[in-house]
Structure formats: C-alpha cells, structure tokens
Amino acid sequence: MVCSHDNHQQHSHSLHGEQQDGLILCPQCDMLVAMPPLAYGSKAVCPRCKTQLSARWNEPRKRPIGYALSALFMLLVSNLFPFVNMRVAGIVSEIKLIQIPEVMVAEDYASMATLFMVFVQLIPAFCMLAIILLCGRVRLPQGLKVWMAKVLFQFKTWCMVEIFLAGVLVSFVKLMAYGDIGIGTSFIPYCLFCLLQVRAFQCVDRRWLWRDIAAAPPIEQPVTVGTTGMRQGLRSCRCCTAILPAEQLRCPRCHSHGHVRRHNSLQWTMALLITSFILYIPAMLLPIMVTEALGNKMPSTVMAGVILLWSDGSYPVAMVIFIASIMVPSLKMLAIGWLCWDANVKGKQRADSERMHLIYEVVEFVGRWSMIDVFVIAVLSALVRMGQLMSIYPATGALLFALVVILTMFAAMTFDPRLSWDRVSETIKKEPQGDGK
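In this text the structure is predicted, and so the values were computed from the model without any measurement.

Novice: Explain the packing of helix α9 (residues 302–311) against helix α10 (residues 315–343) to me, please; I cannot follow it from the model alone.
Specialist: Packed helix pairs are specified by the crossing angle of their axes together with the interaxial distance, meaning the distance between the axes. Two elements in contact, α9 and α10, have axes separated by 8 Å at closest approach and are oriented at 165°. On the basis of their axis angle, the class for α9 and α10 is roughly antiparallel. Seen from above, α9 lies across α10 with left-handed handedness. Where α9 approaches α10, its residues Val 302, Met 303, Val 306, Leu 309 and Trp 310 are matched on the opposing element by Tyr 315, Val 317, Ala 318, Met 319, Ile 321, Phe 322, Ser 325 and Ile 326. By residue class, the composition of the contact of α9 with α10 is 12 nonpolar, 1 polar and no charged.

Novice: Honestly, the pattern of salt bridges in this entry has me stumped. Any pointers?
Specialist: Between side chains of opposite charge, a pair can form as their charged atoms come close. Under the defined criterion, the tally for this structure stands at 5 salt bridges. The partner of Arg 61 in a salt bridge is Asp 212, with the nearest N and O atoms 2.8 Å apart. Placement of Arg 61 in the loop between β4 (52–56) and α1 (62–80) and of Asp 212 in helix α7 (residues 206–213) is noted, with a sequence separation of 151 residues between them. Take Asp 212: its relative accessible area is 23%, and that puts it in the partly exposed class. Of the charged contacts in the structure, one is a salt bridge between Arg 418 and Asp 416, with a shortest N-O distance of 3.0 Å. Both residues of the pair, Arg 418 and Asp 416, belong to the buried class. Taken together, the shared-partner salt bridges connect Arg 61, Arg 137 and Asp 212 into one network.

Novice: It is not clear to me how the nonpolar core should be interpreted in this structure. Could you clarify?
Specialist: If you look at the biggest cluster of nonpolar residues, it comprises 120 residues, and the most contacted ones within it are Phe 119, Phe 164 and Tyr 190. In terms of residue count, the dominant contributor to this core is helix α3 (residues 110–135) (14 residues). Those residues in contact with Phe 164, other than ones at most four positions away along the chain, are Phe 83, Leu 97, Ile 100, Phe 116, Val 120, Tyr 190, Phe 375 and Val 379. Listed in part, the 12 residues of the second largest apolar core include Met 31, Val 33, Ala 44 and Cys 49.

Novice: Help me understand unusual backbone geometry, please; the structure alone is not making it clear to me.
Specialist: Phi is mostly negative for residues that are not glycine, and the peptide bonds are mostly trans. For Asp 30, which is not a glycine, the phi torsion comes out positive at approximately 75°. Mapped onto the secondary structure, Asp 30 falls in the loop between β1 (23–25) and β2 (32–34). Relative accessible area serves as the criterion here: at 0%, Asp 30 is assigned to the buried category. A positive phi angle, close to 65°, is found at Lys 50, a residue other than glycine. On the secondary structure map, Lys 50 appears in the loop between β3 (42–45) and β4.

Novice: Honestly, the packing of aromatic side chains in this entry has me stumped. Any pointers?
Specialist: Given two aromatic rings, one states the distance between the centres and the angle between the planes to describe the pair. Evaluated as defined, the whole model comprises 13 aromatic pairs. When the centroid spacing of 5.6 Å and the interplanar angle of 15° are considered together, the rings of Phe 119 and Trp 158 count as stacked. Placement of the pair is Phe 119 in helix α3 and Trp 158 in the loop between α4 (142–155) and α5 (161–175), with a sequence separation of 39 residues. Taking the centre distance of 5.9 Å and the plane angle of 35° together, the rings of Phe 172 and Phe 187 count as tilted. One end of the pair, Phe 172, is in helix α5; the other, Phe 187, is in helix α6 (residues 187–202), with 15 residues separating them in the sequence. A connected cluster of aromatic rings, assembled from ring pairs, spans Phe 83, Phe 116, Phe 164, Phe 172, Phe 187, Tyr 190, Phe 193 and Phe 375. The ring centre of Tyr 40 lies 4.0 Å from the NZ or CZ of Arg 56, which sits over that ring.

Novice: Explain the pairing of strand β5 (residues 84–88) to me, please; I cannot follow it from the model alone.
Specialist: For a regular strand, the rule is simple: side chains alternate between the two faces of the sheet. Burial of the side chains of β5 is restricted to one face: Val 84, Met 86 and Val 88 are buried, whereas none of Asn 85 and Arg 87 on the reverse face is. Looking at chain direction, β5 and strand β6 (residues 91–95) are connected through 5 bridges and run antiparallel. Within β6, the position partnered with Asn 85 by the bridge is Glu 94. Across 4 bridges, the pairing between β5 and strand β7 (residues 180–183) is antiparallel. In the strand pairing of β7, Arg 87 is matched with Asp 180.

Novice: What should I look at first to understand the UniProt feature "transmembrane region" (unreviewed entry) in the protein in this one?
Specialist: Following the UniProt record, one finds the feature "transmembrane region" (unreviewed entry) at residues 65–84, 109–134, 155–175, 181–201, 271–295, 315–341, 362–384 and 390–413. What you have in residues 315–341 is 100% helix and 0% strand, and the ends, taken at the C-alpha atoms, are 37 Å apart.

Novice: Teacher, can you tell me more about the environment of Phe 201 here?
Specialist: Position of Phe 201 among the secondary structure elements: in helix α6. Looking at Phe 201, the relative accessible area reads 9%, which means it is buried. Among residues more than four places away in sequence, those in contact with Phe 201 are Cys 127, Met 128, Ile 131, Leu 152, Lys 156 and Cys 159.

Novice: Where do I start with the sheet that holds β6 in this structure?
Specialist: Here we have 3 strands laid out as an open sheet, ordered β6-β5-β7, and antiparallel in their pairing. Where the open sheet ends on each side, the last strands, each with one partner, are β6 and β7. On average, adjacent strands in this sheet sit at an angle of 20° to one another, irrespective of strand direction. Here helix α12 (residues 372–383) sits on the sheet and contacts β5 and β6; the angle it forms with β6, its principal contact strand, is near 130°.

Novice: Would you mind showing me how to read a nonpolar patch on the surface here?
Specialist: Together, Trp 310, Tyr 315, Met 319, Ile 323, Met 327, Leu 331 and Leu 334 give the surface a local cluster of nonpolar side chains, amounting to about 690 Å² of exposed area. With 6 residues, the top contributor of residues to the nonpolar patch is α10. Mapped onto the elements of the fold, Leu 334 is located in helix α10. On the basis of relative accessibility, which here comes to 60%, the residue Leu 334 falls in the exposed class.

Novice: Teacher, can you tell me more about α4 here?
Specialist: Because an α-helix packs 3.6 residues into every turn, residues spaced three or four apart end up facing the same way. For α4, built from 14 residues, the straight-helix expectation of 20 Å at 1.5 Å per residue is met to within 8% by its first-to-last C-alpha distance of 20 Å. Within α4, the full set of buried residues consists of Lys 145, Val 146, Met 148, Ala 149, Val 151, Leu 152 and Phe 153.

Reading the values: rules and limits
Residues numbered from 1 in each chain as written. Predicted model: local features only at pLDDT ≥ 70, side-chain atom pairs only at ≥ 80, totals over all residues. Heavy atoms only, no water. Axes fitted to C-alpha atoms, helices over the stretch in contact; angles between N-to-C directions. Helix = DSSP H or I, 4+ residues; strand = E, 2+ residues; numbered from the N terminus. Parallel < 35°, antiparallel > 145°, perpendicular 65-115°, else oblique. Left-handed = near helix turned anticlockwise from the far one by under 90°. Contact = heavy atoms within 4.5 Å. Nonpolar A, V, L, I, M, F, W, Y, C, P; charged D, E, K, R; others polar. Salt bridge = Lys/Arg side-chain N within 4 Å of Asp/Glu carboxyl O. Buried < 20%, exposed > 50% of the residue type's maximum accessible area, 1.4 Å probe, protein only. Core = buried A, V, L, I, M, F, W, Y, C linked by side-chain atoms within 4.5 Å. Phe/Tyr/Trp six-rings, centres within 6.5 Å; stacked < 30°, edge-to-face > 60°. Lys NZ or Arg CZ within 6 Å of the ring centre and 35° of its normal. Pairing = 2+ DSSP bridges. UniProt positions renumbered as here; feature names shortened; annotations may be inferred. Patch = residues over 30% accessible without salt bridge, like charges linked within 9 Å, V, L, I, M, F, W, Y side chains within 5 Å. Areas by Shrake-Rupley, 256 points an atom, 1.4 Å probe, with all protein chains shown as cover. Expected span 1.5 Å × (residues − 1).

Following this line, the structure appears as structure tokens:
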C-alpha cells in the first residue's frame, strides 16, 4: 500500500465541528491529527507514535464484500468434506472440521470444544457476515448496524483461523512418526478461507465504516491540531473513533461508554495478569494431553512435547512450539507488568514512551499465537481415535493453558497505551501534524 507524505506543520488555529471528519485522536498516544486527503491505496499514520490511523482502498465496498463472501463459501465447503486423515497399521481415521468439537464433547471436554467453535468457526463467520451486510449497505435497523459494527471490531482480535491452521501443520509433524498423514477435500478450501478472511479484515477501515453508518457528532469547542486530546478536554471513543468532550461518557454515535482514560485500567490489567500467572504454573506442570498406545497411557506436558519433537529431529517445529507456548506467554506477562510499572513512573523521556509503545504493539500482536498448542491438541484428539492401538485425549493442563492465553489477551486489552505518553505530552510544546505517510 503506497503511503501519503508527511506534513510537519503545526496548526495553532481553532477548528470546529463541521471538520471532525478530517480530524482524529490517535488511539495510542492521544495526539490530535489532521487527516490528509488520502489517495487510493494510501494510509495515514500518527506522526508521533506511527500508529496507522486510516487507510483508503480501491473499491472500499466491493473488495471487502468479495473477500468476505468468498471466505464464507470456503468455510461452508471446508465443513462439508473430510479435513485430514491418518493411516496406522491399515486402520484409517479421518475427520471433518465440524467433528472436532463433537469428539471433545464426547470425551467430556466441552470447554475445549467451545473454544474451538467460538474462535475458529463462529466468530470468523459472524465477522464475515457483518462485513457483507455493513459494506453492502443492506437495509437494517440503525441500532442493529451500530451493534454489528461494535461487535465486528471487538471480535476481530479473537478470530484465530490462521493460528488453528498453523496448529494443524504442527499436528502433521507430530503424527508423521506414527503413521501416514493425508489432507482431505476440505483442507485447501480452509486454507483459502484463512487467506480470504485476513484480506477482508485488511480492506475494512474502522473510521470509514463508522462514517458510513452515522455521522460523527460535531465538536462544539475550539481544538488545536498537534496537541493531545487530554490537554484540550477531549477524548476519543474507543469504539467508533469519534472525538467527544472529556466529560461526555456516552458516545452519541455508537452509544459506547468511556472515559478520557480507560477506567481503572492499571488495576484491571494487574488483576488479570496476576490471575494468569497463578494459572500459568499448573498449566506448565500438569499434562496437556494423554497418549494411549496399546493400553499404556503416557501423559505429556508442554515442555515434554517440545523435548519429544526436538529428539525426533523436528527442530523447526520444536522451536515454534517452544516460542509460542513457553517463551511468548512468559515474556508477555513480564512485558505487561513492565508496562504497568512504566505507566506510574514520573519524568519519562520521549524515547521511553516510544520503547513502551513498541513493546505494547508486540504484546498485542503475538499474544494470541500461544493458542497454537491448544489447537494442536484439538486436532490430535479428534484425529487419533483408534481404540487400544492409539488414542490421544486432552488433559487438564490444556484448558488451564488456554485460560492463561485468554487472560493475558484481556490484560493487554484493558491496558491503556495512552498512559505511556501522558507525562511526555505535558512537557512537549509542539507536535507535528499527522498527515500520515
């Protein structure tokens, strides 16, 4: 995507409500930025923290609708036919995607089945449907449109299709030592679904979509571009990006409630972080799955699985599991704790805030990939069902580990990244206009 040019001029004059469509408060550093006219295929970023603020695509309605429709069709196809199969000693086992939660429910692991259905099937399907209806301007009650848009952007983080697909590939490597692994008719359609839903999300711009649903409320007070919203008595709606007076708790466009800074952000973040750390210890010590071969049950922990893959010579896969399941959760909890501590430090320099901003973005991006081990267990448990010859079952550690990942994701969401910039902004007299790049 081609980037538009930076313009570092300070706007010291006042702007008023009719120009709100050309203004945005950066959700990461709270800087008031004047949006430039964007050419097709370009994006605008904040000049201070480099967060992407908006993008303009060619065919902004047809592209996401086309990708979303194709994705839904591929999801339907991938549920109708066999997904993967395995042959061991002449015994063939094959599964469909829809059978994975059925097997786990039959083994009294309804919680694991629910996680699979929600993150891999239901949320992605809902998001694709919402994109089609909202971008296609289908006649719906205004309240329903607002609700769908709110849920769409909240659910985006919880779409884990690509993580599940990576888990399937890891499962193949683990199972090659036991038998012949093959892909079914629906495997390729599911890979296409993964790519298409990612592209559909990329082509939907939050700011543009909300402006299409309802006009932003006017700004009744003078504002200055290049100054933080908090210093001007303004706040940004976390849901629809509308600029509101600081004392206005309810957004008139999307009806979301909010504050200048997320209410009790640090307290909620620390509470979720401590809870996830408490669960992390038994999640590492307890078995995450049990392999039954010829009547012998062999429990396996996360670290034991990594060691087994390494000893079998699957070094890349062992490293992927080690990084995603052990290193990432540990480092993520340390990083979130560091962010909370840094938010309370006085006299910070701009470089400190930039470093904390980078850490926060990395934490948000990589955190959900720790679910890969949970999805590996889901695939193995559903596919390896050969009676006394060989069977694999999920264990308590898998559920605890999934809860750790979910809680750390919530902890990152409840942390307000603008806290890392607030004390810096109090010492800065001028900020460049964010015309993007």
